[in-house]
Amino acid sequence: MKRPKLKKASKRLSCAKRYKIQKKVREHNRKLRKEAKKKGLKKRVKKDPGVPNSAPFKEEVLREAEQRRLQIEEEKERIRQAKKEERAQKRKKEKEAAVKEAEPSAKKARTDTTANNSAKRSAPNKNSKQYLCSELNKVIDASDVVVEVLDARDPLGCRCPQLEEAVLLKGGNKKLLLVLTKIDLVPKENVEKWIECLQREFPVVAFKASTQIRDKTVKAKRKRIVPSNEVFDRSKGAACFGNECLAELITAYAAKTQSETTLKVGIVGFPNVGKSSLINSLKGMMACHVGIAKGTTKTMQEVHMSKAVKLMDSPGIVASPSNPATSMALRSLQVEEGQETVLDAVNTLLKQCDKSQIMLQYTIPNFRNSLEFLTLLAKKRGYLQKGGVPNTEQAANTFLTDWTGAKLSYYSKVPGKYSFPSYVTDTVVSEMQNGWDLDKVKAGNKETLKSLKFPNMASSISFVSKGPTAGLLTATAIPENQPAAAREEQHNSENEEPEQTEELHESEELQKPQKTVKDKPSQVHFQSAPIDISLSTVYTDDAYDFNTDFK
């Protein structure tokens, strides 16, 4: 029996089994001796006594016997070498035959590899900006209704003027519809103001996507698990709000068009605004892959919502490098592509927020700069490296994920004096609103806001929006590298803005010790002070007099 954690089984036996084996062996040996005795066989072969000493010419006989033995060994060695050479020749012939047979297949394999290499070279790079722009243009051209998904925490920053203008210039009765997602992370008053502001241009639908949609197999396995508390189920993100209103709106518009082909609805927007989650919520199953990381969707994907409606998922809009640093940190792929570090993105976001609200949200004490904030956050979350050193990079990734994902509650205020863009005129507004049941949209938004639980203003972070984010729709408009002078001017302009968090730049911190090193003299002279150690310098007032108590 093989015991656990041992390579070999144990050879130990019980005494009864060992004695039984020994008895069997004795009986077997006794039987063999009897049979040999009957046959007349001797047990041992007698040893050759050799040449006796009394024999004449003993030395010559032994020498001849030794020579015969050497001759026999040489003959055996010669036969062994001949067989070895024969086997070598046989292997060589077999190898040559195999090479001749394999020559045509090798040529074929070589041609196949060259064809595969050429195909790989001709295949486009799905991570390139040119490819993402081409896929986005495919969705815009093929869609009858373009749904621009906006993050309710910063709706104005999620709008792309270039995309909206391109949709309006395409013609062909294309409609533009705005959808506010992640409304559960914004105070209710702020959502109502944004809906009222954006409705003056295009129809707006409030939406909260479900974050727990799985594929059919997992859904079937967990069908028996029903949450007893509906509020608990909603808090976990399983519920979806606004999907019925949006689905009925699109289906009604498809019925009004009365076209034989299906209505194609393109879902567009910046990365991580919830495009794929919107499609999954409308479909009711995992149709598009979603993820926390930005830029998960790379290609156009078609999903049939019904017989009359087809949804088209698109990659995120490529942000222009001319945008402010805050917009680039939230909506570009610079961090994922390695063009910007995570620490720089966190430093940029902290400048746009109130310091006290950040401290309350993450329950950390006062901090002076972004590095100290990340150190405190790493200690708070337990992100420690070897030796107990805080892992600031992991803390920075967590902070950035909270801002871009559906976790952190922050909001941006509606501008007091908001004017329409130049491409939005009264005729465009009336044309975009024509064909939609606006009363049904308002009723659906009111029902969505009524049934959803919103965070308070005090528990949310106030965020300063930088306005609409410029996007790139053509490959020719993408600059390879931003000039260093432009980056420095942008960095200087950002430093001139008032900072609410009172952060100190790392460059300034590094310059301070350099100045002290330069001003430091080459030699240090200590001035000696005379010390008087005489008894007269000792004060007797504090001394204890024993004569007062002991006389």
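Quick look at the structure, then. Nothing here was measured: the structure is a model prediction, and the numbers come from that model.

Each helix and strand in the protein was counted, giving 19 helices and 10 strands. Out of the 551 residues belonging to the protein, those deemed buried represent 34%. The contacts in the protein between residues at least 6 apart in sequence include a share of 76% that link residues at least 24 apart. For the protein, the computed accessible surface area is about 37,000 Å², with 53% contributed by carbon and sulfur atoms.

Looking now at the nonpolar core. Among the nonpolar cores identified, the biggest contains 72 residues, and Val-147, Leu-180, Ile-183, Leu-246, Val-265 and Leu-278 are the most heavily contacted of them. Considering every element that reaches this core, the biggest residue donor is helix H8 (residues 243-257), with 6 residues. Aside from chain neighbours lying at most four places away, what touches Leu-246 is Leu-177, Val-179, Val-205, Phe-207, Leu-278 and Leu-282.

Let's shift gears to the packing of aromatic side chains. Tallied over the full model, the rule gives 9 aromatic pairs. Between the aromatic rings of Tyr-253 and Trp-436, the centroid separation amounts to 4.7 Å while the plane-to-plane angle is 20°, which identifies the pairing as stacked. With Tyr-253 in helix H8 and Trp-436 in the loop between helix H16 (426-433) and helix H17 (438-451), this pair connects stretches of sequence that are 183 residues apart. For Tyr-253, a relative accessible area of 9% puts it in the buried group. Here Trp-436 falls in the buried class, since its relative accessible area comes to 7%. Taken together, Tyr-362, Phe-367, Phe-373, Phe-399, Trp-403, Tyr-410 and Phe-463 form an aromatic cluster joined through their ring pairs.

Together, Leu-13, Ile-21 and Val-25 line one region of the surface with nonpolar side chains, adding up to about 250 Å² of accessible area. On the secondary structure map, Leu-13 appears in the segment before helix H1 (15-39).

The next thing to look at is the packing of helix H3 (residues 129-142) against helix H4 (residues 161-170). Two numbers describe how H3 lies on H4: the axes approach to 10 Å, and their chain directions differ by 40°. Judged on the interaxial angle alone, H4 and H3 are oblique. The chirality of how H3 crosses H4 is right-handed. Taking contact as the criterion, the partners of Leu-136, Ile-140 and Asp-141 in H3 are, on H4, Leu-163, Val-167 and Lys-170. Here the contact of H3 with H4 is built from residues that sort into 4 nonpolar, no polar and 2 charged.

Within strand S6 (residues 309-313), 5 of the 5 residues are buried, leaving the element largely enclosed by the surrounding structure. Side-chain alternation along S6 places Val-309, Leu-311 and Asp-313 on one buried face and Lys-310 and Met-312 on a second face that is also buried. One ladder, built from 5 bridges, connects strand S4 (residues 263-268) with S6; its direction is parallel. For Val-265, the partnering residue across the bridge sits in S6 and is Leu-311. Inspection of the sheet shows strand S5 (residues 301-304) paired to S6 by 4 bridges, in the antiparallel sense. Across the sheet, the residue bridging to Glu-302 is Met-312, located in S6. With antiparallel pairing between neighbouring strands as the criterion, S5 and S6 make up a hairpin whose turn holds 4 residues.

What follows covers the environment of Leu-349. Relative to the helices and strands, Leu-349 resides in helix H12 (residues 342-351). Since its relative accessible area comes to 0%, Leu-349 is described here as buried. C-alpha separation for the pair Leu-349 and Ser-370, spaced 21 residues apart in sequence, amounts to 9.6 Å. What Leu-349 contacts, discounting residues up to four positions off in sequence, is Thr-326, Ala-329, Leu-330, Phe-399, Leu-400 and Trp-403.

The rolling of a water-molecule-sized probe over the atoms marks out the regions of remaining empty space. Inspection of every chain in the model, using the stated rule, returns 3 cavities of 30 Å³ or more. Each pocket or cavity is described by its volume, and for the largest cavity that value is around 80 Å³. If you trace the largest cavity, you find it lined by Asp-151, Arg-153, Cys-158, Pro-271, Asn-272, Val-273, Leu-330, Arg-331, Trp-403, Thr-404 and Tyr-410. Residues of the lining of the largest cavity, tallied by class, amount to 6 nonpolar, 2 polar and 3 charged.

Our focus in this paragraph is H12. Counted residue by residue, H12 has 8 buried out of 10 residues, so it is predominantly covered. For H12, the full list of buried residues reads Val-342, Ala-345, Val-346, Asn-347, Thr-348, Leu-349, Leu-350 and Lys-351.

Moving on: the sheet that holds S4. Across the sheet, which stays open at both edges, the 6 strands sit in the order S3-S2-S1-S4-S6-S5 with mixed pairing between neighbours. Since the sheet does not close on itself, it has two edges, and those belong to strand S3 (204-206) and S5, each with one partner. Here the average twist between neighbouring strands, direction ignored, is 25°. Sitting on the sheet, H3 touches S4 and S6, and the angle it makes with S4 is about 145°. Across the sheet, helix H5 (residues 188-198) lies against strand S1 (145-151), strand S2 (175-181) and S3, angled at about 170° from S2, the strand it touches most.

So, about H5. Within H5, the full set of buried residues consists of Asn-190, Val-191, Trp-194, Ile-195, Cys-197 and Leu-198. End-on view of H5: buried residues confined to an arc of 165°, all on one side of the axis. Exposed and oriented more than 90 degrees from the buried face of H5 are Lys-193 and Glu-196. In this structure, the buried residues of H5 make contact with S1, S2, S3, strand S8 (410-412) and H17.

Time to look at the pattern of salt bridges. Counted according to the given criterion, the structure contains 15 salt bridges. Put simply, Arg-159 and Glu-201 hold a salt bridge, and the shortest N to O gap is 3.0 Å. Taken together, the residues span a long stretch of sequence, with Arg-159 in the loop between S1 and H4 and Glu-201 in the loop between H5 and S3 at a distance of 42 residues. Grouping residues by exposure puts Arg-159 and Glu-201 together as buried. One continuous salt-bridge network, built from bridges that share partners, spans Glu-66, Arg-69 and Glu-73.

A word on unusual backbone geometry. Residues other than glycine seldom take positive phi values, yet Lys-182 does so here, at roughly 60°. Its place among the elements puts Lys-182 in the loop between S2 and H5. Owing to a relative accessible area of 12%, Lys-182 belongs among the buried residues under this scheme. In the Ramachandran plot, Thr-363 falls in the positive-phi region, its phi being about 50° despite a non-glycine side chain. One can find Thr-363 in the loop between helix H13 (355-362) and helix H14 (370-381).

Definitions and limits used
- Residues numbered from 1 in each chain as written.
- Predicted model: local features only at pLDDT ≥ 70, side-chain atom pairs only at ≥ 80, totals over all residues.
- Heavy atoms only, no water.
- Helix = DSSP H or I, 4+ residues; strand = E, 2+ residues; numbered from the N terminus.
- Buried < 20%, exposed > 50% of the residue type's maximum accessible area, 1.4 Å probe, protein only.
- Contact = heavy atoms within 4.5 Å.
- Areas by Shrake-Rupley, 256 points an atom, 1.4 Å probe, with all protein chains shown as cover.
- Core = buried A, V, L, I, M, F, W, Y, C linked by side-chain atoms within 4.5 Å.
- Phe/Tyr/Trp six-rings, centres within 6.5 Å; stacked < 30°, edge-to-face > 60°.
- Patch = residues over 30% accessible without salt bridge, like charges linked within 9 Å, V, L, I, M, F, W, Y side chains within 5 Å.
- Salt bridge = Lys/Arg side-chain N within 4 Å of Asp/Glu carboxyl O.
- Axes fitted to C-alpha atoms, helices over the stretch in contact; angles between N-to-C directions.
- Parallel < 35°, antiparallel > 145°, perpendicular 65-115°, else oblique.
- Left-handed = near helix turned anticlockwise from the far one by under 90°.
- Nonpolar A, V, L, I, M, F, W, Y, C, P; charged D, E, K, R; others polar.
- Pairing = 2+ DSSP bridges.
- 1 Å grid on protein atoms, 1.4 Å probe; cavity = no way out; pocket = protein on both sides within 12 Å on 5 of 7 lines; lining within 4 Å.
- Points joined across faces, edges and corners; volume = space filled by probe spheres on them.
- Arc of directions from axis to C-beta.

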